[in-house]
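Structure at a glance
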Amino acid sequence: MLLVNQIRENFETVLAGLQKRNFPNAESTLQEVIQLDDQRKSSQTQRDQIQAEFNSISKQIGMLMKEGKREEAEQAKARTAEIKSQIKDLEEENSKAEEALKALLYTIPNVPHISVPVGKAAEDNEVVLEHGVIPTLADDKLPHWELIKKHDIIDFDLGVKITGAGFPVYKGKGARLQRALINFFLDEAIAAGYYEVQPPILVNEDSGYGTGQLPDKEGQMYHSTADNLYLIPTAEVPITNMYRDVILGEEDLPVKNVGHTPCFRREAGSWGAHVRGLNRLHQFDKVEIVQITHPDKSYEALEEMSQHVQMLLQKLELPYRVLRLCGGDMGFTSALTFDMEVYSAAQERWLEVSSVSNFETYQSNRLKLRFKGADKKTQLAHSLNGSALALPRIVAAILENNQTPEGIIMPKVLQPYLGFDKI
């Protein structure tokens, strides 16, 4: 969440950033933040002053008793009782102001980086670059949802029987393709200096709030109400929360972790041709890269992460493009996001396969994720993450783009992992 001091000291800049995001009632919301903070400070100041009076009187009572001034001592005791009641009222007032302030801050998104373009939706995103050659397929080309039936490698009907729509069953070479991609992505990340972790796929409420999925994405997450746990929408949540309430040393930065997990998203309200087959699922596998960096180095890290994802797409021989997301299409917690999309030749459309984002201090402020510099002072770190990569649309593009009359040719880089060269 945003820092109150950031809002106070850079009010116009923060306001302009929120307006770029099309955040409603931005100015009145920021003014309310300042008012609540003023209330909190006022009640805390009053409480401290009265506490000082209480401490002074308490010392006097002992002295009065020693001097035999019992009546004056009793009067002082009566005053301390009054002060205790006042302190309690002020503490309650302070607590209410703090909770109201925190709840309001949770509703305010991150301030976009200066380079974020103005816009309201996906069509306003900026194409940064395109790479690769879009394949030309035969007239009888098939979309991946037909190819998977033809080759019997993914079964959506069986998934519906077992669970419901959006939970496919991967079979035979389809299952091996999944496993090969996961291992390839992990091996490439480890070679790039990331440390592999395997986190839980259920997280508590504190973790959801820590990385900003709560309260913003509550309706999109599967919630186990009996235990108040949430199925993760991305490995970003548990991996980043490993550092909640942690103070790192500056020499520890950057922290680079990678993890593979299944991911779960309700995707409420999704329908239509663009969500057919593997285009949008409720459960899917993803390899996630996460970095914790020094604030001065976070945009270098973002570029490094973008290059890493692009390298994976190049090795998979998939045509792709990089988008800089506009203010209206960015994630709630991000300061700057680049999306990577691959071209799906049978569907004749671009499919998002990765987002890499810099959250600056937005997550670390919630997480209380700090580091201690050479001057021994603590400050908030910057956090970043990226999909490297999400599997379903990668699989869709591989199947569609590489279809031939002889079968579906597998990318050369995957063949050692697969043990076969075509489906």
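Everything below is about the structure printed above this text.
Scope of this entry: the structure provided in the associated data block. (Residues numbered from 1 in each chain as written. Predicted model: local features only at pLDDT ≥ 70, side-chain atom pairs only at ≥ 80, totals over all residues. Heavy atoms only, no water.)

**Looking at the sheet that holds strand E14 (residues 370–372)**
Across a sheet, strands are paired by hydrogen bonds formed along the backbone, either parallel or antiparallel in direction. With mixed pairing, the three strands of this open sheet are ordered in space as E8-E14-E15. Two strands close off the open sheet at either side, each with one partner strand: strand E8 (247–249) and strand E15 (378–380). For this sheet, the mean inter-axis angle between neighbouring strands, taken without regard to orientation, is 35°. By the bridge criterion, three bridges tie E8 to E14 in an arrangement that is parallel. By the bridge assignment, Ile 247 is partnered in E14 with Arg 370. (Pairing = 2+ DSSP bridges. Helix = DSSP H or I, 4+ residues; strand = E, 2+ residues; numbered from the N terminus. Axes fitted to C-alpha atoms, helices over the stretch in contact; angles between N-to-C directions.)

**Considering the sheet that holds strand E11 (residues 320–324)**
With mixed pairing, the eight strands of this open sheet are ordered in space as E1-E11-E12-E13-E16-E10-E9-E4. Edge positions in the sheet fall to strand E1 (126–131) and strand E4 (195–196), since each has one partner strand and no second. Note that E11 and strand E12 (residues 336–344) share five bridges and pair antiparallel. Paired with Arg 324 across the two strands is Phe 338, which belongs to E12. Seen against the sheet, helix H12 (residues 391–401) touches strand E10 (283–293), E12, strand E13 (349–358) and strand E16 (382–390) and runs at an angle of roughly 30° to E12. (Contact = heavy atoms within 4.5 Å.)

**A word on the environment of Glu 98**
Tracing the chain through its elements places Glu 98 in helix H4 (residues 70–106). Note on Glu 98: relative accessible area 39%, which makes it partly exposed. Sequence separation of Glu 98 and Phe 338 is 240 residues, and the distance between their C-alpha atoms is 35 Å. (Buried < 20%, exposed > 50% of the residue type's maximum accessible area, 1.4 Å probe, protein only.)

**Quick notes on the pattern of salt bridges**
Across all of its chains, the model carries 17 salt bridges by this definition. Salt-bridge contacts for Asp 38 lead to Arg 8; the nearest nitrogen and oxygen are separated by 2.4 Å. Placement of Asp 38 in helix H3 (residues 26–66) and of Arg 8 in helix H1 (residues 4–9) is noted, with a sequence separation of 30 residues between them. Note that Lys 41 is salt-bridged to Asp 37, the shortest N-O span being 3.7 Å. Residue Lys 41 and its partner Asp 37 are both found in helix H3; the two are separated by four residues, about one turn of the helix. With a relative accessible area of 37%, Lys 41 lands in the partly exposed category. (Salt bridge = Lys/Arg side-chain N within 4 Å of Asp/Glu carboxyl O.)

**Section: the nonpolar core**
Counting 58 residues, the largest nonpolar core has Leu 181, Phe 185, Leu 313, Leu 316, Val 342, Ile 394 and Leu 399 as its most contacted members. Ranked by the residues each element gives to this core, the list is headed by helix H7 (residues 173–191), at eight residues. Grouped together as the second largest cluster of nonpolar side chains are 22 residues, Met 1, Phe 23, Leu 104 and Val 111 included. (Core = buried A, V, L, I, M, F, W, Y, C linked by side-chain atoms within 4.5 Å.)

**Things to note about the side chain of Ser 364**
Here Ser 364 is to be found in helix H11 (residues 362–367). A polar atom in the side chain of Ser 364 sits 3.2 Å from the backbone oxygen of Thr 361. Side-chain polar atoms of Ser 364 contact the backbone oxygen of Ala 381, separated by 2.6 Å. With residues up to four places along the chain from it excluded, the contact list for Ser 364 reads Leu 369, Leu 380 and Ala 381. (Polar contact = N/O pair within 3.5 Å; in protein donor to acceptor, adjacent residues only side chain to side chain.)

**Looking at the side chain of Thr 293**
By the element assignment, Thr 293 lies in strand E10. The exposure class of Thr 293 is buried, given its relative accessible area of 2%. In contact with Thr 293, not counting residues within four places along its chain, are Leu 253, Pro 254, Ser 298, Ala 301, Ala 381, His 382 and Leu 384.

**Description of the packing of H3 against H4**
Close contact between H3 and H4 brings their axes to 8 Å; oriented N to C, the two are set at 160°. Taken together, the axes of H3 and H4 are roughly antiparallel relative to one another. Like other packed secondary-structure pairs, H3 and H4 cross with a definite hand, here left-handed. Each residue belonging to the contact of H3 with H4 can be placed in one class, and the counts come to 18 nonpolar, ten polar and 13 charged. (Parallel < 35°, antiparallel > 145°, perpendicular 65-115°, else oblique. Left-handed = near helix turned anticlockwise from the far one by under 90°. Nonpolar A, V, L, I, M, F, W, Y, C, P; charged D, E, K, R; others polar.)

**Some points on the packing of H7 against helix H10 (residues 298–315)**
Interaxial distance between H7 and H10 falls to 11 Å at its minimum, and their mutual angle equals 135°. Overall, the two elements H7 and H10 adopt an arrangement that is oblique. For H7 against H10, the interelement crossing comes out right-handed. Residues Phe 184, Phe 185, Glu 188 and Ala 189 of H7 lie in contact with H10, whose contacting residues are His 308, Met 311, Leu 312 and Lys 315. Residues of the contact of H7 with H10, tallied by class, amount to five nonpolar, one polar and two charged.

**Regarding a positive patch on the surface**
Positive charge collects at one region of the surface, where Lys 173, Arg 176, Arg 179 and Lys 422 lie side by side. Along the chain, the position of Arg 179 falls in helix H7. Accessibility expressed as a relative area gives 52% for Arg 179, which makes it exposed. (Patch = residues over 30% accessible without salt bridge, like charges linked within 9 Å, V, L, I, M, F, W, Y side chains within 5 Å. Areas by Shrake-Rupley, 256 points an atom, 1.4 Å probe, with all protein chains shown as cover. Lys, Arg positive; Asp, Glu negative; His and termini not counted. Charge placed at Lys NZ, Arg CZ, Asp CG, Glu CD.)

**Comments concerning helix H5 (residues 144–151)**
Among the residues of H5, His 144, Trp 145, Leu 147 and Ile 148 are the ones counted as buried. Buried residues along H5 cover an arc of 160° about the axis, so they all sit on one side. For H5, the exposed residues set more than 90 degrees away from the buried face come down to Lys 149 and Lys 150. Buried-residue contacts for H5 involve strand E2 (154–155), helix H6 (156–162), H12, strand E17 (403–404) and strand E18 (407–408). (Arc of directions from axis to C-beta.)

Treat this as a map of the structure, not an account of what it does.
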